[in-house]
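Commentary on secondary and tertiary structure
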Amino acid sequence: MYALNPNKIVFGADLKTVLVTAAVTLIATPLIYMVARRVGAFLRENIRMWLEAALFRLGKWSRSSLAKRVSLRGYCRYGLGAGHARYLLIPNQDESEALEVDSAFVSLKLQNGAASFVYSGDVAEIQDMSRVRVIGDPGSGKSSLAKKMFRDACREAMALRPGHRLPILIELKRFTPPKNVTTDKTRAKWAVTFLREHVARVQGFEMGELFDSYVRGGGLFLILDGLDEVAGSDYLRVAATLRALSDRLAADSPHNSVVLTMRSQFHSQVSGHLETDFPPVFHVQPFSPEDIYVFLTQWPNYAEDRDKRAEILRLYNDLTDRPTLREMCGNPLVLAMYVSHDQHGAKGVSVDTRTAFYSKVVEELLVARRGRQLEKPAKSLLREQRETIFGRLAFEHMRDPEQAANSLSWTRAIDVVAGIYQCDRGEAVQRFRELAKETGLVSEERSEESYRFIHLTFCEFFAAKEAAEGREEGWSELMAAHHALKANPDAYTASRLEEVIPFALALLPRARRADALRELDGGSLVVGRCFLETQLYDHSSWAEYAAVESEFLTRTPSSSWDDAWLRRLHLFNVVLKDAEEWLTAYGRRPQTTLEDLFRNLVQDDRERLGQLFGSYAAVDAPAAMRLATATGVDLVAEQPGLMVESMSYPPFRAMVLETVEAATNPSDDLVLLVAEAGLRHRSVALECVGETAPEWLADKVTALDGRQVWCRWDFGWQVFQPSLYTFCLSHAAELARKGEVLHTSEFPGVLAISDVPAPGGLVSGFRFLLRLWSLALISMTVSFAVGWAPWVIGLGPFTVVSAGAALWLTGSYHTASQLGSVPGMRREIYTTLINLDTRPRRLPKPDRTGSQEPFLYEILRMWSLPGTLWLRHFSANLLEASRTLDRELPRQLRPSKRGLAFLPRPRSERRPTPLTERTPPTRQTR
């Protein structure tokens, strides 16, 4: 055993500690000091720079944020209020008429080859394309589209919606760089500076900073309108600047987008300059007949002393009676001019013939509108020169059967221009292209080979104008050419001049019209159009034409009522109506009337009546309705199925609703018609729910039992407020319950809902909640009664109260959570049933691989006893009616989105109604 010396151990430990400490002090401390000095020096040198950078970033973010929230909204408010972006100017007889862009704009269809989309207010789709060219004929809506896109983008920016951009609208005729800007870099710099100054001119906080933050960040939405309005001497510089600007914006931010608009006639000349930088090209399509009707409904300046709906129907019917005029009014400018001239008829000359209106439109396109755009005065000499050029070319073209219709020779056009202007061919080419750009009436079809008028009717009108006013024997030459073409066995060339002759006859001097009409031998269609254009109903040939045409139409057997016969019937109907108005105004009695004609056609044969109006409605449903009204035929009672099918067509629907409101001796068939059409077509339901029911219908519904009406005054049932639709549903369902529906196969929807409890008999949401909480109170009482029972056998009162409260809370929560959504689901099922559910449905799809019970049944089955009772004894009728509608309606007539269509038949012992055992005949829809 060794003895340890504690003193020695302690000394050794102290010596070691001293040595380590000394080493650290002598070696580590200088190193630490040196590192600390270096770090301190580094921090002293860089912390200021870091702080400045952080403050710079913070300042930039704060300025950008402030610019977005303050400057952006101020800029957008200015843009929405500026007159150049707010109004559309429509020329009329006295002065230009201003229309609000937002109220008058009709959704335009833009087409790019096979692809197309309809612009109705969502700018995101165009913005995402980055670079776009939009082209169209004069007056097709390019400028109105540009203004509407700018205004929509301003609203998006004001709301700071995700992906919004800074909208800028520029008229390119004011976008001309100086001549000393010659390189792409300087062009891009000048263009960006121009845009920045355009934004900075708006009074507000740091508008220049606003532009800078978006051009390099969120992106610009730049709309450049009217490249064709740039002066010819400046075009090359402007085009080069646009290309440079496009490259600069693409480099600054991938979110910058540009839309460039121009006329299609001008685009055909310069498309090669823009293909690389603006690859997609969208063509503005003409208005469809439904677009025309929508435009008429949005026209704001109807005369105050006239009924708006009646005026809309009158205008649309006038266009329907003149199909070529309606086709021409597919151009928004022409349509707006037509409506404006019509509404200002009291101040000037009413446009009641195609010839008069085409004369006004041609004058507007030849000089007037372009003069206003370029801020130059219109000159009569310039108009006459252009009329001479177009008239000579069109007249020669229409008489030559070897030329395809509306495909004219470029070489001949240059020869005519060179002869009129006394210039060489090079200058003639330049002048003709300038003429095409400024008027928009012609466009180059194949480069330096052929060209075309924007519409064949313009070519026919100019040919007629040349025949009537530009040549000594123009009418004789026209008729000789027509007879020669008719002698040709080729059926196409035989009708080549049939539209030119009525125009020419109306343009002849008044002293020559009677003799020219006597010489006319062009067939019944040509003669009928000539009477419409000249209104010479006191001419000796009128009675002969009316007798021959009436005999042809009435003697044609019903098996031969083809398209050609229907066209002749439609034209003769229009001519007879016009002649009756003219003769009545002169105090004369017409010898042939519409009533006589259709009485002879129908011959008291109901089958012929159905065939006649069924065939006519396929061509023009509103015209068929007007004819039925004019001839005293109750089309609602005779052909209800045809009427219901046609109600999806807006003009026809407006005529029916006008009849409902103006009815003096209303029939129940009219109510059934509106109710059934609303159950089939969602557009009908949505329009009728916004209409006020007439007094005669309100009286009938008021007399019903309140529990049987389809009206509700509770909050949340807004679509079931008193309206034309809900009143028609109420009265129609009552008629079905009484068995007073005659054509049962034509009204499957009405019969389906007649057995469903009406919303008027439902417990209100407030009363439902009262009952719910009454049930909760009962459950609380029962819970406390059950809770006091253990206290009786010796348990303490605290335990009793706790148990009772727990049972009450559990029961109340369970009942409220399971039954609280019953009113909402009840409303949803009702709105879906009557075709008014416009909200996107969020119910998940049923799992068809597992249980056969659908989702809704699974949820309701888990509910307590009241929920189960509600399902089995109340909703079963709703679900059965929904399935009946889908099963009984022909597939092409079913509503496209029936929210409850996936539900199987409820598990009930209820037998199918007789309706479910019938299959109504399937009809083809328009």
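What counts, and at which threshold
Residues numbered from 1 in each chain as written. Predicted model: local features only at pLDDT ≥ 70, side-chain atom pairs only at ≥ 80, totals over all residues. Heavy atoms only, no water. Helix = DSSP H or I, 4+ residues; strand = E, 2+ residues; numbered from the N terminus. Buried < 20%, exposed > 50% of the residue type's maximum accessible area, 1.4 Å probe, protein only. Contact = heavy atoms within 4.5 Å. Areas by Shrake-Rupley, 256 points an atom, 1.4 Å probe, with all protein chains shown as cover. Patch = residues over 30% accessible without salt bridge, like charges linked within 9 Å, V, L, I, M, F, W, Y side chains within 5 Å. Salt bridge = Lys/Arg side-chain N within 4 Å of Asp/Glu carboxyl O. Core = buried A, V, L, I, M, F, W, Y, C linked by side-chain atoms within 4.5 Å. Phe/Tyr/Trp six-rings, centres within 6.5 Å; stacked < 30°, edge-to-face > 60°. Lys NZ or Arg CZ within 6 Å of the ring centre and 35° of its normal. Pairing = 2+ DSSP bridges. Axes fitted to C-alpha atoms, helices over the stretch in contact; angles between N-to-C directions. Parallel < 35°, antiparallel > 145°, perpendicular 65-115°, else oblique. Left-handed = near helix turned anticlockwise from the far one by under 90°. Expected span 1.5 Å × (residues − 1). Polar contact = N/O pair within 3.5 Å; in protein donor to acceptor, adjacent residues only side chain to side chain. Nonpolar A, V, L, I, M, F, W, Y, C, P; charged D, E, K, R; others polar.

This paragraph deals with the overall build of the protein. When you go through the protein residue by residue, the secondary structure sums to 41 helices and 12 strands. A total of 926 residues make up the protein; the buried ones form 49% of that total. Sequence-distant contacts in the protein: of pairs separated by 6 or more residues, those separated by 24 or more amount to 73%. Accessible surface, the protein as shown: approximately 45,100 Å² in total, 55% of it carbon and sulfur.

This part is about a nonpolar patch on the surface. Together, L26, I27, L31 and M34 make up a nonpolar patch on the protein surface, roughly 430 Å² of accessible area in all. Counting through the fold element by element, L31 comes out in helix α1 (residues 6–81). For L31, a relative accessible area of 47% translates into the label partly exposed.

Here we take up the nonpolar core. By size, the foremost hydrophobic cluster in this structure holds 233 residues, and its most contacted members are Y75, F175, L227, F432, W475 and W710. Among the elements that take part in this core, helix α25 (residues 563–585) stands out by supplying 11 residues, more than any other. Other than its neighbours up to four places away in sequence, W475 contacts A467, I501, A504, L505, L508, R512, A516, E519 and L520.

For the rest of this paragraph, the subject is the packing of aromatic side chains. All told, the structure shown has 27 aromatic pairs when counted by the stated rule. Their ring planes at 75 degrees and their centres at 5.2 Å tell us that F531 and W542 sit as a pair that is edge-to-face. With F531 in helix α23 (residues 524–534) and W542 in helix α24 (residues 540–555), this residue pair connects regions lying 11 residues apart in the sequence. On the accessibility criterion, F531 (0% relative accessible area) is buried. Judged by its relative accessible area of 10%, W542 is buried. Taken together, the ring pairs connect Y358, F390, F453, F458, F461, F462 and F503 into an aromatic cluster. Across from the ring centre of F552, 3.7 Å away, lies the NZ or CZ of R568, which sits over that ring.

Another point: the sheet that holds strand β6 (residues 166–171). Pairing is mixed across the open sheet formed by 7 strands, whose spatial order is β4-β3-β9-β5-β8-β7-β6. Either end of the sheet is taken by a strand with one partner, and the two such strands are β4 (115–119) and β6. Between one strand and the next, the sheet's axes are offset by a mean angle of 20 degrees, whatever the strand orientation. Strand direction decides the pairing type here: β6 and strand β7 (residues 220–225), joined by 6 bridges, are parallel. Within β7, the position partnered with L169 by the bridge is I223.

A few words on the sheet that holds strand β10 (residues 408–409). Read from one edge to the other, the open sheet built from 3 strands follows the order β10-β12-β11, with strand pairing classed as antiparallel. With one partner strand each, in any of the chains shown, β10 and β11 (442–446) form the two edges of the open sheet.

Take the packing of α24 against α25 next. Between α24 and α25, whose axes approach to 11 Å, the crossing angle comes to 140 degrees. When the axes of α24 and α25 are compared, the pair comes out oblique. Crossing of α24 over α25 shows left-handed handedness. Two secondary-structure elements touch here, α24 through W542, Y545, A546, E549, S550, F552 and L553 and α25 through W565, R568, L569, F572, V575, L576 and A579.

With 14 residues, helix α35 (residues 724–737) should cover 20 Å at 1.5 Å per step; its first-to-last C-alpha distance of 20 Å lies within 8% of that length. For α35, the buried fraction is high: 13 of the 14 residues fall into the buried class. Immediately downstream of α35, the backbone of G739 shows phi near 75 degrees, a positive value.

Let's shift gears to the side chain of R354. Examined against the element boundaries, R354 turns out to sit in helix α14 (residues 354–373). Only 3.4 Å separates the side chain of R354 from the side chain of E533, close enough to count as a polar contact.

Turning our attention to unusual backbone geometry. If you check the backbone angles, S130 has positive phi at about 70 degrees while not being a glycine. We classify S130 as partly exposed; its relative accessible area is 27%. Positive phi outside glycine occurs at N406, with the angle close to 60 degrees. The topology assignment puts N406 in the loop between α15 (380–399) and β10.

Across a regular strand the side chains alternate sides, sitting on one face of the sheet and then on the other. For strand β3 (residues 108–112) and β4, the ladder comprises 5 bridges, and the chain directions are antiparallel. By the bridge assignment for β4, N112 is matched with A115. Of the strand pairs in this sheet, β3 and strand β9 (residues 281–284) are connected by 2 bridges, and their pairing is antiparallel. Paired with L110 across the bridge in β9 is V284.

Attention now moves to the pattern of salt bridges. Within this structure, the stated rule accounts for 43 salt bridges. In this structure, the salt-bridge partner of E691 is R309, at a minimum N-O distance of 2.7 Å. Taken together, the positions of E691 in the loop between α33 (682–688) and α34 (695–702) and R309 in helix α11 (residues 308–321) put the pair 382 residues apart, joining distant regions of the chain. Of the two residues, E691 and R309, both sit in the buried class.

Taken together, the 4 bridges between β11 and strand β12 (residues 450–453) define a ladder with antiparallel strand orientation. Looking across to β12, one finds that S443 is bridged to R452. Between β11 and β12, which follow one another and run antiparallel, lie 3 residues, and E448 among them has a positive phi close to 55 degrees.

This next bit is on the packing of helix α32 (residues 668–680) against α35. Two elements in contact, α32 and α35, have axes separated by 8 Å at closest approach and are oriented at 115 degrees. If you check the angle between α32 and α35, you find them roughly perpendicular. Here α32 runs over α35; the crossing is left-handed. Taking contact as the criterion, the partners of D668, V671, L672, V674, A675, G678 and L679 in α32 are, on α35, Y725, C728, L729, H731, A732 and L735. Its residues assigned to classes, the contact of α32 with α35 comprises 10 nonpolar, 2 polar and 1 charged.

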